Amino acid sequence: MTIEELNRAIKSYTIPRVFFFFGEETYLLENKIKSIKDKIVPKDLVSFNFSYLNSDKMTPDEIIEAAEIFPQVSDRRLVVVKNSGLFSNLTTGNFKSIKEYILNLPEYVCLIFWEDGFDSKKVKSLKFIEECGGGIVNFEYLPVNKLEVWAEKQLEKANKRIIARDLSYFVRISGQSLTKLSKDIKKLILYLGDERHKVTRDDIDAVVTKSAEVQVYDIFNKNIIGGRGDKAKEQLKHLKTDNVSPTMVMSIILDQLYELLMCKLLKQDGLTAGEMLEYFDRRPPIFAVNKAIDNGMRYSESYLKKMVDKGLKYSIDMKSGRMGQWDAVELFVSELIKKD
């Protein structure tokens with residue numbers, strides 16, 4: 001089920017009996033749970049018709065007990081189960097028990113399972129949820145263009161305006177998370193106060209802290225490519241001190257390398273920057289594609305392929321435990337700085 005299909009189901013009151021929610025964009029996920037709750041649970045009956053269970057040691061019996069309570073003075077009852085632990089291993093007796101119950105849910109219940117960190121590769125094993133009329137929704141980070149539209153609307157609600165160039169800059173440094181973007185918008189609104197209505201780049205720089213992801217992009221694009229190796233190592237050290245995920249750092253650097261290689265090859269095939277957009281997993285602004293093309297031209301095809309292969313090897317060593325995670329990241333960055 002897509003986000004759009006979920007929105008239509010909520011709007012039309014055709015809300016299924018069961019959902020399985022997962023994904024990185026928790027702000028949107030929580031917002032949709034709230035929308036479902038507002039639709040099917042009257043505010044004055046929340047204590048009777050809504051249950052929230054959050055435990056990684058939950059048993060199927062606890063969930064079933066909450067779902068079996070008949071709704072009071074209402075047609076539906078909502079039960080939200082967060083991080084139950086039942087979906088981490090799909091071969092256990094507990095999972096089989098909850099699967100059997102899902103297939104025979106009462107008509108009045110809406111049962112939402114919310115699992116942080118769920119491996120999307122396991123989704124195929126949950127097809128029974130859709131087969132019985134339920135929905136499986138992966139809340140992924142929104143593409144940049146949708147983030148910009150959302151941010152601009154939030155600012156407009158507060159009677160603030162921002163030009164397109166500064167809007168793109170704001171979204172880029174705030175990062176992909178709607179949670180952080182929402183907080184940064186509130187900071188900007190407070191910073192401007194009641195008298196000022198136009199957001200400037202100086203305002204953004206004054207209140208917005210660059211996301212960890214953006215800092216990694218800077219390490220690669222500004223410092224590694226820009227030849228500032230010492231600065232790259234210094235920023236990497238700060239990320240390590242701030243307990244940023246080393247797998248995330250490695251993933252972004254590897255993605256950036258791959259995009260340089262991809263743009264270089266597509267450029268050789270005669271494609272324009274606009275035509276290259278469809279080859280990106282995320283849809284970047286056109287200036288970012290042009291920058292990747294320019295940066296790709298700095299390196300030979302053989303060098304980029306070699307470094308992508310090295311990055312993949314380091315990633316495998318990180319996951320297997322053959323190498324410490326930060327050790328692998330630091331060694332890979334050192335090799336990129338050398339450019340041998």
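Given the structure is predicted, the values throughout are model-derived calculations rather than measurements. (Residues numbered from 1 in each chain as written. Predicted model: local features only at pLDDT ≥ 70, side-chain atom pairs only at ≥ 80, totals over all residues. Heavy atoms only, no water.)

**Q** Just checking my understanding: could you explain the packing of helix H12 (residues 229-241) against helix H17 (residues 325-338) for this structure?
**A** A pair of packed helices can be characterised by two numbers: the angle between their axes and the separation between those axes. Packing of H12 against H17 leaves a shortest axis separation of 10 Å and a crossing angle of 165 degrees. As the angle between them shows, H12 and H17 are arranged roughly antiparallel. Read as a crossing pair, H12 and H17 show a hand that is right-handed. Between H12 and H17, the contacting residues are Gly-229, Ala-232, Lys-233, Leu-236, Leu-239 and Lys-240 on the first element and Trp-326, Val-329, Glu-330, Val-333, Ser-334 and Ile-337 on the second. Tallied by class, residues from the contact of H12 with H17 come to seven nonpolar, two polar and three charged. (Axes fitted to C-alpha atoms, helices over the stretch in contact; angles between N-to-C directions. Helix = DSSP H or I, 4+ residues; strand = E, 2+ residues; numbered from the N terminus. Parallel < 35°, antiparallel > 145°, perpendicular 65-115°, else oblique. Left-handed = near helix turned anticlockwise from the far one by under 90°. Contact = heavy atoms within 4.5 Å. Nonpolar A, V, L, I, M, F, W, Y, C, P; charged D, E, K, R; others polar.)

**Q** Sorry, what's going on with the state of the cysteines here?
**A** By definition, a disulfide is the covalent link that joins the sulfur atoms of two cysteine residues. On inspection of all chains with the given rule, the structure shows zero disulfides. Free of any disulfide, Cys-132 has its nearest neighbouring cysteine sulfur in Cys-110, separated by 12 Å. (Disulfide = S-S within 2.5 Å.)

**Q** Just to check I follow, could you spell out the sheet that holds strand S5 (residues 135-138) for this structure?
**A** In a beta sheet, neighbouring strands pair by backbone hydrogen bonds and run either parallel or antiparallel. Overall, parallel pairing links the five strands, which are arranged S2-S3-S4-S1-S5 in an open sheet. Each end of this open sheet is capped by a strand with a single partner; those strands are strand S2 (50-54) and S5. Strand-to-strand, the axes of this sheet are offset by a mean angle of 15 degrees, without reference to chain direction. (Pairing = 2+ DSSP bridges.)

**Q** Sorry if this is basic, but what is going on with the environment of Lys-313 here?
**A** Topologically, Lys-313 is positioned in helix H16 (residues 301-320). The exposure class assigned to Lys-313 is exposed, which follows from its relative accessible area of 53%. Separated by 213 residues in sequence, Lys-313 and Glu-100 place their C-alpha atoms 42 Å apart. (Buried < 20%, exposed > 50% of the residue type's maximum accessible area, 1.4 Å probe, protein only.)

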